[in-house]
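# A closer look at the structure
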Amino acid sequence: MGQSAAPLVTIALSMHNSASTIDAAVRSLIAQTYKNWELLIYGDGSTDSSVERARQWRDLRIRIVTDGARHGLAVRLNQM
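Not measured: the values here are computed from a predicted model. (Residues numbered from 1 in each chain as written. Predicted model: local features only at pLDDT ≥ 70, side-chain atom pairs only at ≥ 80, totals over all residues. Heavy atoms only, no water.)

Moving on, we come to the side chain of S50. With respect to the secondary-structure elements, S50 resides in helix α2 (residues 50–55). Contact partners of S50, with chain neighbours within four places excluded, come to M15, N17, S18, A19 and I22. (Helix = DSSP H or I, 4+ residues; strand = E, 2+ residues; numbered from the N terminus. Contact = heavy atoms within 4.5 Å.)

In structure tokens:
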């Protein structure tokens with residue numbers, strides 16, 4: 001069989017101190033009927049367990065990028 005195609009949709013999510021909400025956000029996305037997506041989560045200098053919680057999701061469509069610095073939403077959206 002051939003390789004699977006690249007995702008048709010990329011969802012970009014900037015995250016800062018979102019430990020209490022990241023699971024609900026990811027769960028909501030996974031529950032959608034459309035499945036040809038990837039989720040790009042950018043950590044934005046969180047001081048809580050946001051990044052660790054996001055890394056617990058074992059879905060190959062989810063990528064987490066973090067550099068430990070706080071730059072704000074506009075910078076992170078431009079990076080994504």
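On to a nonpolar patch on the surface. Nonpolar side chains collect at one region of the surface, where L8, V9 and Y34 lie side by side and expose about 290 Å² of accessible area between them. Relative to the assigned elements, L8 resides in the segment before β1 (9–15). In this structure L8 comes out as exposed when scored by relative accessible area, which is 66%. (Patch = residues over 30% accessible without salt bridge, like charges linked within 9 Å, V, L, I, M, F, W, Y side chains within 5 Å. Areas by Shrake-Rupley, 256 points an atom, 1.4 Å probe, with all protein chains shown as cover. Salt bridge = Lys/Arg side-chain N within 4 Å of Asp/Glu carboxyl O. Buried < 20%, exposed > 50% of the residue type's maximum accessible area, 1.4 Å probe, protein only.)

To continue, consider the sheet that holds β1. Spatially, three strands are ordered β1-β2-β3 in an open sheet, and the strand pairing comes out parallel. Either end of the sheet is taken by a strand with one partner, and the two such strands are β1 and β3 (62–66). Going from strand to strand, the sheet's axes swing by 20° on average, the running direction of each strand aside. In this sheet, strand β2 (residues 37–43) lies alongside β1 in parallel orientation, the contact comprising seven bridges. Bridge pairing links M15 to G43 in β2. Against the sheet, helix α1 (residues 22–30) makes contact with β1, β2 and β3, and its axis sits at roughly 165° relative to β2, the strand it touches most. (Pairing = 2+ DSSP bridges. Axes fitted to C-alpha atoms, helices over the stretch in contact; angles between N-to-C directions.)

A few words now on the pattern of salt bridges. With the rule as written, the count across this model stands at six salt bridges. The shortest N-O distance in the salt bridge between D23 and R53 comes to 2.2 Å. Here D23, found in helix α1, pairs with R53, found in helix α2; they are 30 residues apart in sequence, far enough to count as distant. Accessibility expressed as a relative area gives 14% for D23, which makes it buried. Look at R53 and you get partly exposed, because its relative accessible area is 31%. A salt bridge links E38 to R63, with the shortest nitrogen-to-oxygen separation between them at 3.5 Å. Taken together, the positions of E38 in strand β2 and R63 in strand β3 put the pair 25 residues apart, joining distant regions of the chain. Residues joined in a network through salt bridges with shared partners are D44, D67, R70 and R76.

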